[in-house]
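Now for the letters of each chain:
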Amino acid sequence: MAVGPATLPERFFPVAGVRLGISSAGIKKPGRKDVVVIELSKGSRVAGIFTTNQFCAAPVHVARAHLEEGEPRYLLINTGNANAGTGETGMRDASACCEALAREAGSKAHSVLPFSTGVIGEPLPVDKIVKALPAALEDLSESHWAEAAAGIMTTDTRPKGASRQVEIDGKTINISGISKGAGMIRPNMATMLGFIATDASISPRVLQKLASELGEESFNRITIDGDTSTNDACMLIATGEAGAGVATVEGEHYPVLREALREVYMELAHAIVKDGEGATKFVTIEVAGAAGQKEALDVAYTVAHSPLVKTALFASDPNWGRILAAVGRAGVEGLDLDAIEIFLGDVCLVRSGGRADDYTEERGQAVMDQQEITIRIDLKRGRIEERVWTCDFSHDYVTINAEYRT
């Protein structure tokens, strides 16, 4: 089950300097396309953010180390196995896959950035992945974005992608990206992966700034179940092949490029929530009037992670007391309860410390029956506002995760 329409664009704009190839290693299911190789032109720059889970997977360690070498040419992604919780063996296996791809492609091992997603704690089937690499390289094409989006799926019900074009200095700049994720989602840079590429030229300092800021605004504001994966990663690639771009944040073209990239990041992040395991509702939680960012996010995430709120959303039950209770236990000191207002869509639920005088069950029900819902909480104690995106909990979420390894 997924919320809303398909999440691939009508057209992926090809990014000059990026080719994608897909093949089958049969890691979890025979015949499934589960290995993706992304080839980058020489001179491409890559920046990214990774999971903050201290049990981060072997490919996260290796990708970080190789990224510091500064010569990225290939991204290697496998599904069906996370290569997490695998100790030193996992590190050797991730490195072995990088070395194998480098040999096949005539490159260096540190030019390969590995990414894995799937079951935690099982040895990576290196032999299967290595055997699938020639076919992936043979399949390389600048038009294979949609195929790659499908190739990185695990419990996702549909592939996720976004694409934009902007003009800079008379040059057309293309941006395309793909993401995956449906469960174990609360990135803190669940199991989520994101890959966004542009043919604009972007200086290394600006590229990392964009990767960090845009990741924080999008992927780090989504949650399905509150679980931060061992494997989260989101990479931003700039090939420079378009002949135009940005070198500093002060330039006139920076806001244009940043906004186009932000739209891609947001679209990919929201697509993950809409495809949350068993999700039937896409929920925006807005916290306004906060005295600081931390308290705004504490309130938003407490509401987003409340099993009682999430199950009420699934039942389309306007049980506003569950939202009120979550706000009250978010750990914010000194709340003025009489000042707080809580809204469901445009319907005020709570005012002056209790149910709003003009609230009716019928009005609340009309909002709860919608597929996309906004919960707005105004703390009335400052000017900070934050948004978090989440979904409901359904019977299917339990079923999917109970049967994940079967």
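Residues numbered from 1 in each chain as written. Predicted model: local features only at pLDDT ≥ 70, side-chain atom pairs only at ≥ 80, totals over all residues. Heavy atoms only, no water.

*Asks:* Any chance you could explain the overall build of the protein here in plain terms?
*Replies:* When helices and strands are tallied, the protein shows 11 helices and 17 strands. In summary, the protein has a C-alpha radius of gyration of 22 Å against a globular reference of 22 Å for 406 residues, a match within 12%. Across its three principal directions, the C-alpha atoms of the protein cover 70 × 55 × 35 Å. A total of 406 residues make up the protein; the buried ones form 56% of that total. Averaged over its 41 positive side-chain charges, the protein has a centre that lies 2 Å from the centre of its 55 negative ones. (Helix = DSSP H or I, 4+ residues; strand = E, 2+ residues; numbered from the N terminus. Rg over C-alpha atoms; globule rule 2.2 N^0.38 Å. Buried < 20%, exposed > 50% of the residue type's maximum accessible area, 1.4 Å probe, protein only. Lys, Arg positive; Asp, Glu negative; His and termini not counted. Charge placed at Lys NZ, Arg CZ, Asp CG, Glu CD.)

*Asks:* Sorry, what's going on with the sheet that holds strand S17 (residues 384–391) here?
*Replies:* Sheet strands line up and pair through hydrogen bonds in the backbone, either parallel or antiparallel. Spatial strand order, S15-S14-S13-S16-S12-S17: six strands in an open sheet with mixed pairing. The open sheet has two free edges, formed respectively by strand S15 (354–355) and S17, since each of these has just one partner strand. Direction of pairing for strand S12 (residues 282–290) relative to S17: antiparallel, over a ladder of seven bridges. Its bridge partner being in S17, glutamate 286 is matched across the sheet by arginine 387. The sheet contacts of helix H7 (residues 293–305) involve S12, strand S16 (372–378) and S17, and relative to S17 the element is tilted by about 20°. (Pairing = 2+ DSSP bridges. Contact = heavy atoms within 4.5 Å. Axes fitted to C-alpha atoms, helices over the stretch in contact; angles between N-to-C directions.)

*Asks:* Sorry if this is basic, but what is going on with the side chain of serine 111 here?
*Replies:* Tracing the chain through its elements places serine 111 in the loop between helix H2 (87–105) and strand S5 (112–119). Accessibility expressed as a relative area gives 2% for serine 111, which makes it buried. Engagement of the side chain of serine 111 in a polar contact is seen with the backbone oxygen of lysine 108, the distance being 2.5 Å. Residues contacting serine 111, with those up to four places away along its chain left out, are Glu71, Pro72, Arg73 and Tyr74. (Polar contact = N/O pair within 3.5 Å; in protein donor to acceptor, adjacent residues only side chain to side chain.)

*Asks:* Just checking my understanding: could you explain the nonpolar core for this structure?
*Replies:* Across soluble globular proteins, you tend to see nonpolar side chains buried next to one another. Among the nonpolar cores identified, the biggest contains 43 residues, and Ile196, Ile202, Phe219 and Leu257 are the most heavily contacted of them. Mapped by element, the contributors of at least two residues to this core are strand S3 (45–50), strand S6 (160–168), strand S7 (171–180), helix H5 (204–217), strand S10 (233–238), helix H6 (254–274) and S17. If you tally residues by element for this core, the top one is H6, at 11 residues. Ile285, Ala290, Val332 and Val367 belong to the second largest nonpolar core, which has 35 residues in total. (Core = buried A, V, L, I, M, F, W, Y, C linked by side-chain atoms within 4.5 Å.)

*Asks:* Please explain empty space enclosed by the protein as it appears in this structure.
*Replies:* In this approach the atoms are scanned with a rolling probe the size of a water molecule, which exposes any empty space left behind. Here the largest cavity is characterised by a volume of approximately 50 Å³. Lining the largest cavity are Pro59, Leu76, Asn78, Ala94, Cys97, Pro114, Phe115, Ser116 and Leu124. Within the residue set of the lining of the largest cavity, elements represented by two or more residues are strand S4 (74–81), H2 and S5. Examining the composition of the lining of the largest cavity, we find that three residues originate from one element, S5, more than from any other. Class assignment of the residues belonging to the lining of the largest cavity gives a composition of seven nonpolar, two polar and no charged. In this model, the second largest cavity occupies a volume close to 30 Å³. Taken together, Val309, Ala312, Leu313, Asn319, Arg322, Ile323 and Met368 form the lining of the second largest cavity. Contributions of two or more residues to the lining of the second largest cavity are made by helix H8 (307–314) and helix H9 (320–328). Looking at the lining of the second largest cavity, the element that brings in the most residues is H8, giving three residues. (1 Å grid on protein atoms, 1.4 Å probe; cavity = no way out; pocket = protein on both sides within 12 Å on 5 of 7 lines; lining within 4 Å. Points joined across faces, edges and corners; volume = space filled by probe spheres on them. Nonpolar A, V, L, I, M, F, W, Y, C, P; charged D, E, K, R; others polar.)

*Asks:* How do you make sense of the pattern of salt bridges when you look at a structure like this?
*Replies:* A side chain with one charge can pair with a side chain of the opposite charge if their charged atoms come near. Tallying each qualifying case throughout the model produces 22 salt bridges. The partner of aspartate 156 in a salt bridge is lysine 160, and the shortest N-O contact between them spans 2.6 Å. Look at aspartate 156 and you get buried, because its relative accessible area is 7%. You can call lysine 160 buried: its relative accessible area is 0%. A salt bridge links glutamate 267 to arginine 164; the nearest nitrogen and oxygen atoms lie 2.8 Å apart. Judged by its relative accessible area of 30%, glutamate 267 falls in the partly exposed class. Residue arginine 164 is classed as partly exposed on the basis of its relative accessible area of 23%. Salt bridges sharing partners connect three or more residues here, namely Glu341, Arg351, Asp358, Asp378 and Lys380. (Salt bridge = Lys/Arg side-chain N within 4 Å of Asp/Glu carboxyl O.)

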